[in-house]
Protein chains: 2
Amino acid sequence: MLENISSVKVSDGWHKQYNHNATSTNCSMRFAIFLPPGASESNKVPVLYWLSGLTCTDENFMQKAGAFKKAAELGMAIVAPDTSPRGENVPDEDSYDFGQGAGFYVNATQAPYATHYHMYDYVVNELPRLIEKHFPVTGTKAISGHSMGGHGALMIALKNPQSYVSASAFSPIVNPVNSPWGVKAFTGYLGNDKAVWAQYDSCELMRQAKQSDYLPMLASQGDADNFLEEQLKPEKLINVAKEKNYPLSFEMQAGYDHSYFFISTFIDQHLSFHHKYLQGE
Amino acid sequence: MLENISSVKVSDGWHKQYNHNATSTNCSMRFAIFLPPGASESNKVPVLYWLSGLTCTDENFMQKAGAFKKAAELGMAIVAPDTSPRGENVPDEDSYDFGQGAGFYVNATQAPYATHYHMYDYVVNELPRLIEKHFPVTGTKAISGHSMGGHGALMIALKNPQSYVSASAFSPIVNPVNSPWGVKAFTGYLGNDKAVWAQYDSCELMRQAKQSDYLPMLASQGDADNFLEEQLKPEKLINVAKEKNYPLSFEMQAGYDHSYFFISTFIDQHLSFHHKYLQGE
């Protein structure tokens, strides 16, 4: 069922890409995995799931983040799914922020998207099951992502606190129900009922979180990010975290923008943050 | 004359792209520069020039090599030119290995390429003069590159041993006069006179080198590189280095291919190698 489409040595480990027929999204999905040196059935490693942003595929992080040296050193696998279902039969739209490349990690309920756009189920359930069946990994998981993928990572961790040991994000959309990107996507995928939207909104989910479900959370944001004020609004999440005493470490980084140059600068810090909890299990 | 087209903070330094009207290539040229933190008129830094391979622009290395953390730490600027002249008026061909994106770092003598394809002059003379005029850098230079750019780096260093303190390459075309890529390019740019070709062939140049002109040289090659046997032929250069007692450190790396995953794995080693000599001046 898994079709290997590339296998390249990097930082003494391996970067591999696969296609598989996904049931949750009802189409062929590509993902990439980095396996650190020494990972084997007798030496299983924990996994960091990385969710990418708008327009990305499994490749952006793997090619541009510069994460492998540190991940190899820490003995951590990294799995990067695509950002949406893909293919000729998958409905799309001529914009970068909706449709293919912009799945927003929700389960769509609206036609014509409900048939394929179930990225939430794919990332939370189907993909980890597949990874744990076919690769030398433990069941211990952390999750991170960028922008739309930062929304995905925080939201998924908040909804599934038993499934992840830690969560982090770069430049996340923390309050999609109040962000133009999020409003467009949630309207298209989920319809007009804002009670449904709230189920995928990190601020709302953190507001509802029980203290026993708190997870270590790290978020990094550049203050020269063009999307900061209109789309990202991190102060919304910071405020909820303060109210709730949620263990969010939020770091505003002077001069950095929304690009992978920002991610590459701080990815080692995020990997080390997750490593602390991945090893603790 | 210099048009700044991007400026992004990375690893506490800056990645910037510029356009300028180049006289050697008779067209507008784009290049990228990484400036490490603290570089200023009162704290000038040395420069590593990076020459990319076929189909690349200034962006491939800057986005995929993961070099900035180490370059920032070492206080080294990195300059990446494009791989050829570009533009509507620049002659091209429908192949990836000749014409735009494939300048081969020579001065073309053949019509219609002679008007623009003077990448040798551009890299050796025009670009460093521009960089040293407009940026806080010293005149101390090292040079490196990948594949076609590995050929460029070694060849340019061998022809200009007074201009560089060290040279290195990943997966270089060391003997283009005996490589299908090189034969095609040299025929098109330089005509049929193989005595002219030899002036751009690293094996031939090393064979002619005077001991007083020897430079520290490092080359890394993956043994799972698809182009190894037909195009790259590193044993040709290794043999000349042995005959001449040339200070070439050649490292064959097991399992690595021709991609940027290979470069990202060993770029820190190359930067440290150059740093040793850049600091010595």
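Please read these numbers as outputs of a predicted model, since none were measured by experiment.

K.L.:
Would you mind showing me how to read the overall build of chain A here?
P.N.:
The helix and strand inventory of chain A stands at 10 helices and nine strands. In summary, chain A has a C-alpha radius of gyration of 17 Å against a globular reference of 19 Å for 281 residues, a match within 12%. In chain A, buried positions account for 63% of the 281 residues.

K.L.:
Explanation requested: the interface of chain A and chain B in the structure shown.
P.N.:
Buried accessible area, meaning the area lost when the parts come together, often serves as the stated size of an interface. Taken together, the contacts link 21 residues of chain A with 21 residues of chain B. Linking chain A with chain B are two salt bridges, by the criterion used here. Close ionic contact of D268 of chain A with K69 of chain B constitutes a salt bridge, the shortest N to O distance being 3.3 Å. In this structure, the connection of chain A to chain B is made through 12 residue pairs in polar contact (both at pLDDT 80 or more). Where the side of chain A that touches chain B is concerned, the elements lending two or more residues are β1 (3-10), β2 (13-22), α1 (59-64), α2 (68-74) and α10 (260-280) of chain A. Per-element tally for the side of chain A that touches chain B: the top contributor is α10 of chain A, with four residues. A breakdown of the residues in the side of chain A that touches chain B according to their chemical character gives eight nonpolar, seven polar and six charged.

K.L.:
How do you make sense of the layout of surface pockets when you look at a structure like this?
P.N.:
The method is simple in principle: a probe with the dimensions of a water molecule rolls over the atoms, and the space it marks as empty is what remains. In this structure, the largest pocket occupies an estimated 920 Å³ of space. Taken together, 47 residues make up the lining of the largest pocket; nearest its centre are K64, A65, G66, Y260 and S264 of chain B. Class assignment of the residues belonging to the lining of the largest pocket gives a composition of 18 nonpolar, 18 polar and 11 charged. By volume, the second largest pocket is sized at about 580 Å³. Taken together, 25 residues form the lining of the second largest pocket, with H146, D257, H258, S259 and Y260 of chain A sitting closest to its centre.

K.L.:
Before we go on, may I ask you to explain the UniProt feature "active site" (unreviewed entry) in chain A in this structure?
P.N.:
Residue and element names in this part refer to chain A. Feature annotation in UniProt places "active site" (unreviewed entry) on S147, D225 and H258, given in this structure's numbering. Spanning 112 residues, the named residues form one tight spatial group whose C-alpha atoms are at most 10.8 Å apart. Of the annotated set, the members that line the second largest pocket are S147, D225 and H258. In this structure, S147 sits in the loop between β6 (137-145) and α4 (148-159). Not counting residues up to four positions away in its chain, the partners in contact with S147 are F170, S171, P172, I173, W181 and H258. Classification of D225 as buried rests on a relative accessible area of 5%. Among residues more than four places away in sequence, those in contact with D225 are S171, L232, Y256, D257 and H258.

K.L.:
Would you explain helix α4 (residues 148-159) of chain B in this entry?
P.N.:
Given 3.6 residues per turn, any residue in an α-helix points the same way as the ones three and four places further on. Residues and elements named next belong to chain B. Here α4 contains 12 residues, and its C-alpha end-to-end distance of 16 Å stays within 8% of the 16 Å for a straight helix at 1.5 Å per residue. Most of α4 sits inside the fold, with 11 of its 12 residues counted as buried. Of all the residues in α4, the buried ones are M148, G149, G150, H151, G152, A153, L154, M155, I156, A157 and L158.

K.L.:
Looking at this model, I keep getting lost on the relation of the copies chain A and chain B. Mind explaining?
P.N.:
Between the two copies of this chain, the relationship is a rotation about some axis together with a displacement along it. Each copy superposes on the other: chain A lies on chain B with an RMSD of 0.0 Å after a rotation of 180 degrees and an axial shift of 0.0 Å. Within this description, the copies of the chain are treated as partners about a two-fold rotation axis. In this assembly, 100% of the residues forming the interface of chain A have copies in chain B that are likewise at the interface, indicating an isologous arrangement.

K.L.:
Can you help me understand the pairing of β6 of chain A in this one?
P.N.:
Put simply, side chains in a regular strand alternate between the two faces of the sheet. Residues and elements named next belong to chain A. Judged by how many residues are buried, β6 sits mostly within the fold: seven of nine residues are covered. Here strand β4 (residues 45-51) runs beside β6; their pairing, made up of six bridges, is parallel. In the sheet register, L51 faces β6, and the bridge partner there is G145.

K.L.:
Just checking my understanding: could you explain the pairing of strand β5 (residues 77-81) of chain A for this structure?
P.N.:
All names here are of chain A. The buried count for β5 comes to five of five residues, which makes it a mostly enclosed element. Strand direction decides the pairing type here: strand β3 (residues 27-35) and β5, joined by four bridges, are antiparallel. Opposite F34, over in β5, you have I78 as the bridge partner. Alignment of β4 against β5, held across three bridges, turns out to be parallel. The residue of β5 that forms the bridge with V47 is A77.

K.L.:
Would you take a moment to explain the packing of helix α3 (residues 119-134) of chain B against α4 of chain B for this structure?
P.N.:
If you want to describe how two helices pack, look at the angle between their axes and the distance between the axes. Residue and element names in this part refer to chain B. For the pair α3 and α4, the least separation of the axes is 11 Å and the interaxial angle reads 60 degrees. Relative to α4, the element α3 lies oblique. At the point where α3 passes α4, the crossing takes the right-handed sense. In this structure, α3 contributes Y120, V123 and V124 to the contact, and α4 contributes M155, I156 and K159.

K.L.:
Which parts of the structure should I look at to understand empty space enclosed by the protein?
P.N.:
Residue and element names in this part refer to chain A. For the structure on display, the rule yields one cavity of 30 Å³ or more. Counted as a void, the largest cavity has a volume near 30 Å³. Around the largest cavity, the lining residues are A157, L158, P161, A209, D213, L215 and Y246.

K.L.:
Mind showing me how you'd approach the confidence of the model for chain A here?
P.N.:
Averaged over every residue, the pLDDT of chain A is 97; the share at 70 or more is 100%. Taken over the whole predicted complex, pTM reads 0.96, whereas the ipTM for its chain interfaces reads 0.94.

K.L.:
Whenever I open this one, the pattern of salt bridges confuses me. Can you help?
P.N.:
Two side chains carrying opposite charge are able to pair once their charged atoms lie near each other. All names here are of chain A. On inspection of all chains with the given rule, the structure shows 22 salt bridges over all chains. Where D58 meets R30, a salt bridge forms, and the shortest distance between an N and an O atom there is 2.6 Å. Of the two residues, D58 is situated in the loop between β4 and α1 and R30 in strand β3; the sequence distance between them amounts to 28 residues. For D97, the salt bridge goes to K184, with nearest N and O atoms at 2.7 Å. Taken as a pair, D97 in the loop between β5 and α3 (119-134) and K184 in helix α5 (residues 180-190) lie far apart in primary sequence, 87 residues in all. In this structure K184 comes out as partly exposed when scored by relative accessible area, which is 32%.

K.L.:
Sorry if this is basic, but what is going on with the side chain of H151 of chain A here?
P.N.:
Residues and elements named next belong to chain A. Along the chain, H151 falls in helix α4. Overall, H151 belongs to the buried group, its relative accessible area being 0%. Filtering out sequence-adjacent residues up to four positions away, H151 remains in contact with F104, P172, I173, P176, F186, Y200 and S202.

K.L.:
Looking at this structure, I do not really get the packing of aromatic side chains. What am I missing?
P.N.:
Describing an aromatic ring pair means giving the distance of the ring centres and the angle of the ring planes. The final tally for this structure, using the stated rule, is 46 aromatic pairs over all chains. A centroid spacing of 4.7 Å and a plane angle of 45 degrees characterise the contact between W181 of chain A and F227 of chain A, whose relative ring orientation is tilted. On the criterion of sequence distance, the pair formed by W181 of chain A in helix α5 and F227 of chain A in the loop between β8 (217-222) and α8 (228-232) is long-range, its members being 46 residues apart. Seen in terms of ring centroids, F34 of chain B and F68 of chain B are 4.6 Å apart; in terms of plane orientation they differ by 25 degrees. Their pairing is stacked. Of this pair, F34 of chain B sits in strand β3 (residues 27-35) while F68 of chain B is found in helix α2 (residues 68-74), placing the two residues 34 residues apart along the sequence. Of the two residues, F34 of chain B and F68 of chain B, both sit in the buried class. Here the aromatic cluster, defined as three or more aromatic residues joined through ring pairs, consists of W50, F61, F170, Y256, F262 and F266 of chain A. For the cation-ring pair, K159 of chain B lies above Y120 of chain B, with the distance from its terminal atom to the ring centre recorded as 5.5 Å. When the ring centre of Y200 of chain B is taken as origin, the NZ or CZ atom of K159 of chain B, which lies over that ring, is 4.9 Å away.

What counts and how
Residues numbered from 1 in each chain as written. Chains lettered and ligands numbered in written order. Predicted model: local features only at pLDDT ≥ 70, side-chain atom pairs only at ≥ 80, totals over all residues. Heavy atoms only, no water. Helix = DSSP H or I, 4+ residues; strand = E, 2+ residues; numbered from the N terminus. Rg over C-alpha atoms; globule rule 2.2 N^0.38 Å. Buried < 20%, exposed > 50% of the residue type's maximum accessible area, 1.4 Å probe, protein only. Contact = heavy atoms within 4.5 Å. Salt bridge = Lys/Arg side-chain N within 4 Å of Asp/Glu carboxyl O. Polar contact = N/O pair within 3.5 Å; in protein donor to acceptor, adjacent residues only side chain to side chain. Nonpolar A, V, L, I, M, F, W, Y, C, P; charged D, E, K, R; others polar. 1 Å grid on protein atoms, 1.4 Å probe; cavity = no way out; pocket = protein on both sides within 12 Å on 5 of 7 lines; lining within 4 Å. Points joined across faces, edges and corners; volume = space filled by probe spheres on them. UniProt positions renumbered as here; feature names shortened; annotations may be inferred. Expected span 1.5 Å × (residues − 1). Least-squares fit on C-alpha atoms with pLDDT ≥ 70 in both. Pairing = 2+ DSSP bridges. Axes fitted to C-alpha atoms, helices over the stretch in contact; angles between N-to-C directions. Parallel < 35°, antiparallel > 145°, perpendicular 65-115°, else oblique. Left-handed = near helix turned anticlockwise from the far one by under 90°. pLDDT = per-residue confidence, 0-100. Phe/Tyr/Trp six-rings, centres within 6.5 Å; stacked < 30°, edge-to-face > 60°. Lys NZ or Arg CZ within 6 Å of the ring centre and 35° of its normal.

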